[in-house]
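Spelled out from the first residue to the last, the chains are:
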Amino acid sequence: MRLVADIFLLLGAVFCCLGALGLVRMPDVYTRIQTATKAATLGALAFLIGAGILHPDWWTKLVVIAGLILLTNPVGSSTISRALYIAGVRPWHVPGSDDCTPLLDSQQDKP
Amino acid sequence: MHTSHAQHHDDETISLPHYFFIYAVLFLFWLLLVGNLRLQEMAAGALVALAVTLAAGPHLSIFSGLRLEAAAPFHLLRYFGYFWAALIRANLDVARRVLSPSLPIRPALVEVRTELKSNLGRLMLANSITLTPGTLSVDLRGDHILVHWIDCPPGTDLEAATREIAAGFEQHLRGFLK
């Protein structure tokens, strides 16, 4: 049992670590939000599962935490990226490819 | 199989069955926080949940997007299964992209159309999109969701993006959300 819990905790650490690595490697803010959100969500859930196996009597509260993380994490990421989009931050695109980004009405004057 | 009555009142009012649903959710939340089934705690929870339901119910019109039908829990379970698979795939996908030296990404913003009508349905769809491989919901305007796609094939239009990103989730969400 202890071993299974350790595996989950380790998995959580690995995913969080990959998320942090993504923050360093990705070229712009949208791609960074992507990697960080997904990795942090699954990483946190893996931590919670590991903690639940170590302390079975905590499971009800861990379920509440997991549910709240699953609901609030994507909302937070979307809100930040929406603010960036409205503020006019353009996503990075591969140099040389065409930028097929749809524009806000107020941004149609882009060259 | 919802009645026309339910359709007309989509997001404005909240019906009696929805009040019962909110009450049940609040009571369950209380039980999870308390973590035991002593009669004392359950009685207190029943009272508190009732008070909160009556006080906050009229402001919780977002819950009117729920389809309260016999088949809904079944669809919810199927959605959860699909969601977990997608979340795990998303993380393997992120791991692959972050670790490969060439950084294989082709990011672009695309638009996706949803057929879900209720605010709750659209919220759940946007959240699901954010947690699935390579996509991030950026904005929601009417029935269009603006999605940042980390690996957008060149020349993707709205129909193709909708099929690729939203259709899978929508099919499952439609079973229990309007």
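Rules of the game
Residues numbered from 1 in each chain as written. Chains lettered and ligands numbered in written order. Predicted model: local features only at pLDDT ≥ 70, side-chain atom pairs only at ≥ 80, totals over all residues. Heavy atoms only, no water. Helix = DSSP H or I, 4+ residues; strand = E, 2+ residues; numbered from the N terminus. Buried < 20%, exposed > 50% of the residue type's maximum accessible area, 1.4 Å probe, protein only. Contact = heavy atoms within 4.5 Å. Areas by Shrake-Rupley, 256 points an atom, 1.4 Å probe, with all protein chains shown as cover. Core = buried A, V, L, I, M, F, W, Y, C linked by side-chain atoms within 4.5 Å. Buried area = accessible area lost by both parts, 1.4 Å probe. Salt bridge = Lys/Arg side-chain N within 4 Å of Asp/Glu carboxyl O. Polar contact = N/O pair within 3.5 Å; in protein donor to acceptor, adjacent residues only side chain to side chain. 1 Å grid on protein atoms, 1.4 Å probe; cavity = no way out; pocket = protein on both sides within 12 Å on 5 of 7 lines; lining within 4 Å. Points joined across faces, edges and corners; volume = space filled by probe spheres on them. Expected span 1.5 Å × (residues − 1). Arc of directions from axis to C-beta. Nonpolar A, V, L, I, M, F, W, Y, C, P; charged D, E, K, R; others polar. Domains from an automatic or database assignment. Pairing = 2+ DSSP bridges. Axes fitted to C-alpha atoms, helices over the stretch in contact; angles between N-to-C directions. Parallel < 35°, antiparallel > 145°, perpendicular 65-115°, else oblique. Left-handed = near helix turned anticlockwise from the far one by under 90°.

Engineer: Mind laying out the overall build of chain A, listing which residues take part and the relevant values?
Structural biologist: Scanning chain A from terminus to terminus reveals 3 helices and 0 strands. Buried positions account for 38% of the 111 residues belonging to chain A. A sequence separation of at least 24 residues applies to 59% of the contacts in chain A between residues at least 6 apart. For chain A, the computed accessible surface area is about 6000 Å², with 72% contributed by carbon and sulfur atoms.

Engineer: So, the nonpolar core: which residues are in play, and what are the values?
Structural biologist: Membership of the largest hydrophobic core comes to 38 residues, with the highest contact counts inside it found for Leu125(B) and Leu173(B). Looking at this core, the elements with two or more residues in it are helix H1 (2–25), helix H2 (29–54) and helix H3 (59–86) of chain A together with helix H4 (72–99), strand E1 (108–113), helix H5 (119–130), strand E3 (144–149) and helix H6 (158–173) of chain B. For this core, the element with the most residues is H4(B), which contributes 6 residues. Ignoring any residue separated from it by four or fewer positions in sequence, one finds Leu173(B) in contact with Tyr79(B), Leu116(B), Gly121(B), Met124(B) and Leu125(B). In terms of nonpolar packing, the next biggest core, distinct from the first, is built from 8 residues, Tyr85(A), Leu136(B), Val138(B) and Leu146(B) among them.

Engineer: So what's going on with the interface of chain B and chain A? Residues and values would help.
Structural biologist: Facing the 41 residues of chain B at the interface are 40 residues of chain A. Carbon and sulfur atoms make up 73% of the area that chain B and chain A hide from each other, which totals about 3500 Å². The three residues of chain B that bury the most area against chain A are Leu32(B), Val98(B) and Leu109(B), which together make up 17% of that side's buried surface. Across the chain B-chain A interface, the total number found is 1 salt bridge. With its nearest N and O atoms 2.6 Å apart, the salt bridge here joins Asp139(B) to Arg82(A). Here chain B and chain A share 16 residue pairs in polar contact (both at pLDDT 80 or more) between them. Broken down by secondary-structure element, the contributors of at least two residues to the side of chain B that touches chain A are helix H2 (16–34), H4, E1, H5, strand E2 (135–141) and E3 of chain B. Ranked by residues supplied to the side of chain B that touches chain A, first place goes to H4(B) with 11 residues.

Engineer: Residue-level account of empty space enclosed by the protein, with values.
Structural biologist: Under the defined criterion, the tally for this structure stands at 1 cavity of 30 Å³ or more. The calculated volume of the largest cavity comes to roughly 30 Å³. Lining of the largest cavity is provided by Met26(A), Gln34(A), Thr35(A), Lys38(A), Asp93(B), Val94(B), Arg97(B), Gly134(B) and Ile150(B). Going through the elements one at a time, H2 of chain A together with H4 of chain B are the ones with two or more residues in the lining of the largest cavity.

Engineer: Help me get a handle on helix H3 (residues 39–56) of chain B, residues and values and all.
Structural biologist: Note: α-helices contain 3.6 residues per turn, so residues at a spacing of three or four share the same orientation. All names here are of chain B. Spanning 18 residues, H3 covers 25 Å between terminal C-alpha atoms, matching the ideal 26 Å at 1.5 Å per step. Along H3, the residues classified as buried are Gly45, Ala49 and Thr53. Across the axial projection of H3, the buried residues extend over an arc of 60°, all falling on one side. Exposed residues lying more than 90 degrees from the buried face of H3 are Gln40, Leu47, Leu54 and Ala55. The secondary structure elements touched by the buried residues of H3 are H2.

Engineer: How would you explain the layout of surface pockets if you had to name every residue and give the values?
Structural biologist: Approximately 1600 Å³ is the volume attributed to the largest pocket. In terms of lining residues, the largest pocket is bounded by 44 residues, among which Gly67(A), Leu71(A), Val25(B), Phe80(B) and Met124(B) are the most central. Element by element, the count of residues in the lining of the largest pocket is highest for H3(A), at 10 residues. Residue composition of the lining of the largest pocket, grouped by class: 38 nonpolar, 4 polar and 2 charged. No fewer than three residues from each of domain 1 (4–65) and domain 2 (72–173) of chain B sit in the lining of the largest pocket.

Engineer: Help me get a handle on the pairing of E2(B), residues and values and all.
Structural biologist: Residues and elements named next belong to chain B. Summarising burial for E2: 5 of the 7 residues are buried, a large majority. As judged from the 6 bridges shared by E2 and E3, these two strands associate in the antiparallel manner. Within E3, the residue paired with Leu140 across the bridge is Ile145.

Engineer: Can you break down the packing of H1(A) against H2(A) residue by residue, with the values?
Structural biologist: All names here are of chain A. Where H1 meets H2, the axes come as close as 8 Å, and the angle between the chain directions of the two elements is 165°. On the basis of their axis angle, the class for H1 and H2 is roughly antiparallel. Pair H1 / H2 crosses with left-handed handedness. In terms of residue class, the contact of H1 with H2 is built from 19 nonpolar, 6 polar and 2 charged.

So yeah, pure geometry; function would need other evidence.
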